[in-house]
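# A closer look at the structure
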Amino acid sequence: SAPLSIVRGAGEAAGRGILMRTGEAFQGYRLARKIVLDKTGTLTAGRPVVREIETLDGSENELLALAAAAEASSEHPLAQAVVQAAFEREMTPPDVGDFEAAPGKGVIARIGDHEVVVGSPRFFDERAIDLSGLSARVEALEAAGRTVIAVGRDGRAMGLVALGDMVRPEAGPAIAALRKAGVTPIMLTGDNERAARCVADEIGIDEVHAGVLPHEKAEIVRDLQKNHTRVAMVGDGINDAPALMQADVGIAMGGGADIAIESADIIILANRLDALAEAREISRGSYGKML
Ligand code: ADP
Ligand code: MG
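Residues numbered from 1 in each chain as written. Chains lettered and ligands numbered in written order. Predicted model: local features only at pLDDT ≥ 70, side-chain atom pairs only at ≥ 80, totals over all residues.

### Here we look at the overall build of the protein
How we decide: Under the scheme used here, helices are H or I runs from DSSP no shorter than 4 residues and strands are E runs no shorter than 2 residues, and both carry numbers assigned from the N terminus. Labels follow a simple rule on C-beta atoms placed from the backbone: if 20 or more others lie within 10 Å of a residue's own, it is buried; if 12 or fewer, it is exposed; otherwise it is partly exposed. For every residue pair, C-beta atoms are placed from the backbone, and the pair is scored as a contact if these atoms sit within 7 Å.
Regarding its fold elements, the protein presents 13 helices and 13 strands. Counting only C-alpha atoms, the protein reaches 70 × 30 × 30 Å along its principal axes. Counting across all 291 residues of the protein, residues that qualify as buried make up 47%. Looking at the protein alone, contacts between residues at least 24 apart form 62% of all its contacts between residues at least 6 apart.

Written out as C-alpha cells, the structure is:
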C-alpha cells in the first residue's frame, strides 16, 4: 500500500482540484527542472475568435463563407471559430464535397468545382500557393499576437483570417511561481513564431519552440531530457498526448481532450495554472517526509 505521506498528499491535492494519479506525480514532479507548456488551450483559454479578415479581391463575406464551408468538418478550435464567425454574420456556407485535414497545417475541401485550402502560411508555402501579396499583413498581424490562416481557391490566395485567443489571467503569476521554485518554463506550440513570442513575452517565458508539427512535440521533449534532465509537460490537446507520455511527468488541463487526460500523471481538474506550482509543493512535501 502507498506510504501515508503520499495518501495525505493525494488527499490534499484532490481538495485543490488536482488529481495526482501515478507514482511519477509524486516522485517525478518534485525533481523536474524543466516544464514544457503547450500554448493554445493551456497558456491561453483555447477559444480563438475571428478578429480581422483581409481579402485580395472579393468581399470579406465571400471569403468567410468559403472558409467556413471548408472548415465545417474540422474539430480544430480555429475551424470552429471560423464557422462561428460565419454563423454570426448570418451567412449560409456552400455545400462541401471531399474534405481532408492536414494536422497542424490546415484543411483542403472541394466546394463545387473548386479546391479550397485553409491553413497556416507555411501550409501555403508547402503547396506552392503564392502569399506574397499578403505577406506584409501576415507579419503585422502575427506580431500583434494573432494566429493567421490563409484562404486559397484553385491554387490562388484569396485572403486571410486573423484569430485571437485570450491569455489565461493567472498565466504570468503561475510561470513566475514555477521559476521561483527553480523550474525553467518552455513554450511549445504549433502556432507561428511571432504570435508565440507575443504570448511568451507577456507571461515571462524566454524559450519558445513554435511552428512545431504534432509528431514533433514528443521529439522536442525527448531532446530536452538529454543529460538526465527531468522534464514535465503540460498540455490539453490530442496533439499533446505523445509528448505527455514522453515527459517524465505529464500534466493535463481538466478541460482538455480525453486522450490528453488519459496520457497524464497529473490532471488539473480545477483548470487553472496556479495548480502547477501547488502540485509540485505537494509532490515535494509527501516525498520529503520519506527520505
Ligand atoms: P497548437 O499547437 O497551437 O494547438 P496545431 O498544431 O493544432 O496548433 O496547429 C498549428 C497551426 O496549423 C495553426 O496555428 C494553424 O495555422 C494551422 N491549422 C491547423 N489546423 C487548422 C485548421 N483546421 N484550419 C486552419 N488552420 C489550421
Ligand atoms: Mg493546446
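### Points about the confidence of the model for the protein
The criterion, for reference: Confidence scores per residue from the predictor, reported as pLDDT, run from 0 to 100.
In this model, the protein carries a mean pLDDT of 94, and residues with pLDDT of at least 70 account for 98%. The complex prediction reports pTM at 0.91, with the ipTM value standing at 0.96.

### Let's talk about the sheet that holds strand β6 (residues 114-119)
The criterion, for reference: Whether two strands pair comes down to DSSP finding at least two bridges between them. Interaxial angle, 0 to 180 degrees, is taken between N-to-C directions of lines fitted to C-alpha atoms, where a helix line uses only the stretch in contact.
Pairing within the open sheet is antiparallel, and its six strands lie in the order β3-β8-β7-β6-β5-β4. The sheet is open, and its two borders are formed by β3 (49-55) and β4 (99-102), each paired with just one other strand. Between one strand axis and the next, the sheet turns through 20° on average, direction left out of account. With seven bridges connecting them, strand β7 (residues 147-153) and strand β8 (residues 156-164) associate as antiparallel partners. Counted as the bridge partner of A150 is L160 from β8.

### Regarding the site of ligand 1
The line we're drawing: Proximity of a residue to a molecule or strand is defined by its backbone-placed C-beta atom lying within 6 Å of that partner. In the scheme used here, Gly and all other residues not listed as nonpolar or charged are polar, with Ala, Val, Leu, Ile, Met, Phe, Trp, Tyr, Cys and Pro taken as nonpolar and Asp, Glu, Lys and Arg as charged. For each domain, the first and last residues come from an automatic or database assignment.
Looking at ligand 1, there are 23 residues lining it, with T40, H76, G104, S120 and G190 nearest. Mapped onto the shell around ligand 1, the elements with two or more residues apiece are α3 (39-43), α5 (77-88), β5 (106-111), β6 and β7. Across the shell around ligand 1, the residue classes break down as six nonpolar, 12 polar and five charged. There are two domains that each give the shell around ligand 1 at least three residues, and those are domain 1 (4-45 + 167-288) and domain 2 (49-164).

### What about the domain arrangement of the protein?
Size of an interface: often given as the accessible area lost when the parts come together. Parsing the protein into structural domains produces domain 1 (4-45 + 167-288) and domain 2 (49-164). The centre of domain 1, based on its C-alpha atoms, is set 31 Å off from the matching centre of domain 2. Residue-level contacts link 12 residues of domain 1 with nine residues of domain 2. Here the residues of the side of domain 1 that touches domain 2 are counted per class, giving five nonpolar, five polar and two charged.

### Observations regarding the pairing of strand β11 (residues 231-235)
The test is simple: By convention, a crossover is right-handed whenever its connection, traced from the first strand over the helix to the second and viewed with the strands pointing away, goes clockwise.
With five of five residues buried, β11 is to be regarded as a mostly interior element. The alternating pattern of β11 places V231, M233 and G235 and A232 and V234 on opposite faces, both of which are buried. Sheet topology note: the strand β2 (residues 34-38)/β11 ladder contains four bridges and is parallel. Its bridge partner being in β11, K34 is matched across the sheet by V231. Here β11 runs beside strand β12 (residues 249-253); their pairing, made up of four bridges, is parallel. Bridge pairing in β12 places G235 opposite A252. Taking the sense of rotation as the criterion, the β-α-β connection linking β11, helix α11 (residues 241-246) and β12 turns out right-handed.

### Thoughts on helix α10 (residues 216-224)
Here is the rule: Directions drawn from the helix axis to the C-beta atoms are what define this arc.
Residues K217, V221 and L224 constitute the buried set of α10. Buried residues of α10, viewed axially, fall in a sector of 60°; they line one side. Elements in contact with the buried residues of α10: β2, β9 (184-188), β11 and α11.

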